[in-house]
Amino acid sequence: IILSFTKDDLNSFDPASNFIQKFKQKIWIEFPHFIAEDSIEHYQKFSERMSSLGLSNFFLSHISQKLLLPKNAAFACNENVYVYNDAAADFLLSEGAKYFSYPFENDSENYKHISNKMGIVPVYFHPKLFISRMPVKIKSHELFTDDMQNKYLKVVRNGISFTIPQIPVSFLQYVNTFRKQSFKHFLIDFSFEKPSSNR
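The model shown is predicted, which means the values in this text are computed figures rather than measured ones.

About the cut-offs
- Residues numbered from 1 in each chain as written.
- Predicted model: local features only at pLDDT ≥ 70, side-chain atom pairs only at ≥ 80, totals over all residues.
- Heavy atoms only, no water.
- Buried < 20%, exposed > 50% of the residue type's maximum accessible area, 1.4 Å probe, protein only.
- Helix = DSSP H or I, 4+ residues; strand = E, 2+ residues; numbered from the N terminus.
- Arc of directions from axis to C-beta.
- Contact = heavy atoms within 4.5 Å.
- Polar contact = N/O pair within 3.5 Å; in protein donor to acceptor, adjacent residues only side chain to side chain.
- Core = buried A, V, L, I, M, F, W, Y, C linked by side-chain atoms within 4.5 Å.
- Pairing = 2+ DSSP bridges.

## Observations regarding helix α4 (residues 86-94)
Inspection of α4 places Ala-88, Ala-89 and Leu-92 among the buried residues, and these make up the whole buried set. Down the axis of α4, the buried side of the element spans an arc of 100°, and every buried residue falls inside it. Among the exposed residues of α4, those oriented more than 90 degrees off its buried face are Ala-87 and Ser-94. Next to the buried residues of α4 lie β4 (74-77). Of the residues flanking the start of α4, the one acting as N-cap is Asn-85, its side-chain oxygen 3.2 Å from the backbone nitrogen of Ala-87. Downstream of α4 by one or two residues, Gly-96 has phi in the positive range, about 110°.

Written as structure tokens, this is what we have:
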């Protein structure tokens, strides 16, 4: 379970709750796409506090973010740390990564030719099509369309604007094919989903 929260959400997150402590070995906390200079100390102290409470697994958005982790922490790399080939996979593993995710933009031909099958294959997700640190003049969570009538949303997280498609990408129908190719780890990403009241 990867918790991909905003900075404010992380500050209100209670790692000592019984539910979290019960599943702490299965929980990974994801660092944001970008960490501003004035937030580095915050994330460093946050990771130390989480580790002291038994939550010592972190998903990084950049390999340099491992410098913010305490010595006892385990880390993996998300889809923003691009792994298109075995050389990139070997590099991340040599840096100490437990897991890594293949990029959202990967294709079936590339998957066939990758020898290292330890990576996490994204099979359900909303790709971040446009990322901006500058303000974008569209209301947050307001639908807008392109000239092909495809619908998109602007979502702001930690001061960064993401443009995502309204309809998620799904490769769930290919999971058995991936398994036949020896892949064992799969990502179902609900980051931009709005759960209904009965979920």
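Don't stop here, the text continues.
## A few points about the nonpolar core
Counting residues in each nonpolar core, the largest one holds 35 residues, and the members touching the most others are Ile-29, Phe-31, Phe-58, Cys-77, Leu-92 and Tyr-102. Taken together, the elements giving at least two residues each to this core come down to α3 (40-52), β3 (57-60), β4, α4, β5 (120-125) and α6 (175-180). Contact partners of Tyr-102, with chain neighbours within four places excluded, come to Glu-79, Val-83, Tyr-111, Ile-114, Asn-116, Lys-117, Met-118, Gly-119, Ile-120, Val-121, Pro-122 and Phe-183. Of all hydrophobic cores here, the second largest spans 8 residues; its members include Ala-76, Ile-120, Phe-125 and Leu-187.

## Describing the sheet that holds strand β2 (residues 28-30)
With respect to topology, 4 strands assemble into an open sheet ordered β1-β2-β3-β4, the strand pairing being parallel. Edge positions in the open sheet fall to β1 (2-3) and β4, since each of these has one partner strand only. Pairing geometry for β3 and β4, over 4 bridges, is parallel. Following the sheet pairing, Phe-58 is matched in β4 by Phe-75.

## Some words on the sheet that holds strand β11 (residues 185-188)
Taken in spatial order, the 3 strands line up as β10-β5-β11 in an open sheet, and their pairing is mixed. The strands lining the two open edges of the sheet, one partner per strand, are β10 (169-170) and β11.

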